[in-house]
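Residue-level listing of the chains:
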Amino acid sequence: MRIFLLILGWSSVIGSFGDGALGLYALWINYLNEWSLLNISINEFLKEYVQFIYWVKQVAFYVLPEGVVLWLFNLPALLYFPIRIIMSIFIGWWALSKAAQLSKQTVQS
């Protein structure tokens, strides 16, 4: 369980940096287009500007219900990325702190 929590924690924390970069890129694109793309969806953003990771949508269809995937990918990118960063940091912090607790319990046993 500890290894799972460590993988979850570190992937969440590291993923936050990737989400931050994508969020900054979405801001940059909006700036360059005079803020005309404020409501660009995640689907449009990935499809038009970050094609090399558009495959994540197909992965999402495998792990989530179709309705959730469609809803998620239709969210505005500039709303989604900040929320995702906060959630990833929280989940990463929680998982790493639980892994540390398990490590202490193993040492004390």
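As the structure is a computational prediction, the values presented were derived from the model and not from experiment.

Peer 1: Is there a simple way to explain the overall build of the chain in this structure?
Peer 2: From N to C terminus, the chain includes five helices and zero strands. For the chain, the N- to C-terminal ordering of α and β elements is α-α-α-α-α. Whereas a compact globule of 109 residues would reach a radius of gyration of roughly 13 Å, the chain reaches 17 Å, over 25% beyond that. Principal-axis analysis of the C-alpha atoms places the extent of the chain at approximately 60 × 30 × 20 Å. For the chain, the proportion of its 109 residues judged to be buried stands at 28%. Sequence separation of at least 24 residues holds for 67% of the intrachain contacts in the chain that already meet a minimum separation of 6. For the chain, the accessible area works out to roughly 7600 Å², and carbon and sulfur atoms hold 69% of it. Each charge sign in the chain was given a centre, from 6 positive and 5 negative side chains, and these centres are 22 Å apart.

Peer 1: Help me understand a nonpolar patch on the surface in this model?
Peer 2: Together, Leu24, Tyr25, Leu27, Trp28, Tyr31, Leu32, Trp35 and Leu38 make up an exposed nonpolar region whose accessible area comes to about 850 Å². By the element assignment, Trp28 lies in helix 1 (residues 2-32).

Peer 1: Just checking my understanding: could you explain the pattern of salt bridges for this structure?
Peer 2: Two side chains with opposite charge may pair up if their charged atoms get near one another. Taken as a whole and assessed by the stated rule, the structure comprises one salt bridge. Between Asp19 and Arg84 there is a salt bridge, and its shortest N-O distance comes to 2.7 Å. Of this pair, Asp19 sits in helix 1 while Arg84 sits in helix 5 (residues 77-108), and the two are 65 residues apart along the sequence.

Peer 1: Which parts of the structure should I look at to understand the packing of helix 3 (residues 56-63) against helix 4 (residues 66-73)?
Peer 2: For any two helices packed against each other, the geometry is given by the interaxial angle and the distance between the axes. Look at helix 3 against helix 4: their axes get within 8 Å of each other, and the N-to-C directions meet at 145°. For the pair helix 3 and helix 4, the crossing hand works out as right-handed. Along the contact surface, helix 3 presents Val56, Lys57, Ala60 and Phe61, while helix 4 presents Glu66, Val69, Leu70 and Phe73. Its residues assigned to classes, the contact of helix 3 with helix 4 shows six nonpolar, no polar and two charged.

Peer 1: Before we go on, may I ask you to explain the packing of aromatic side chains in this structure?
Peer 2: For any pair of aromatic rings, the description rests on two quantities: the centre-to-centre distance and the angle between the ring planes. All told, the structure shown has seven aromatic pairs when counted by the stated rule. Taken together, a centroid distance of 5.9 Å and an interplanar angle of 75° make the contact between Phe45 and Phe81 edge-to-face. With Phe45 in helix 2 (residues 42-49) and Phe81 in helix 5, the pair connects residues that are 36 residues apart, well separated along the chain. Taking relative accessible area as the criterion, Phe81 reaches 3% and is therefore assigned buried. Put simply, the rings of Tyr25, Phe45, Tyr49, Tyr80 and Phe81 pair up and form one aromatic cluster.

Conventions adopted
- Residues numbered from 1 in each chain as written.
- Predicted model: local features only at pLDDT ≥ 70, side-chain atom pairs only at ≥ 80, totals over all residues.
- Heavy atoms only, no water.
- Helix = DSSP H or I, 4+ residues; strand = E, 2+ residues; numbered from the N terminus.
- Rg over C-alpha atoms; globule rule 2.2 N^0.38 Å.
- Buried < 20%, exposed > 50% of the residue type's maximum accessible area, 1.4 Å probe, protein only.
- Contact = heavy atoms within 4.5 Å.
- Areas by Shrake-Rupley, 256 points an atom, 1.4 Å probe, with all protein chains shown as cover.
- Lys, Arg positive; Asp, Glu negative; His and termini not counted.
- Charge placed at Lys NZ, Arg CZ, Asp CG, Glu CD.
- Patch = residues over 30% accessible without salt bridge, like charges linked within 9 Å, V, L, I, M, F, W, Y side chains within 5 Å.
- Salt bridge = Lys/Arg side-chain N within 4 Å of Asp/Glu carboxyl O.
- Axes fitted to C-alpha atoms, helices over the stretch in contact; angles between N-to-C directions.
- Left-handed = near helix turned anticlockwise from the far one by under 90°.
- Nonpolar A, V, L, I, M, F, W, Y, C, P; charged D, E, K, R; others polar.
- Phe/Tyr/Trp six-rings, centres within 6.5 Å; stacked < 30°, edge-to-face > 60°.

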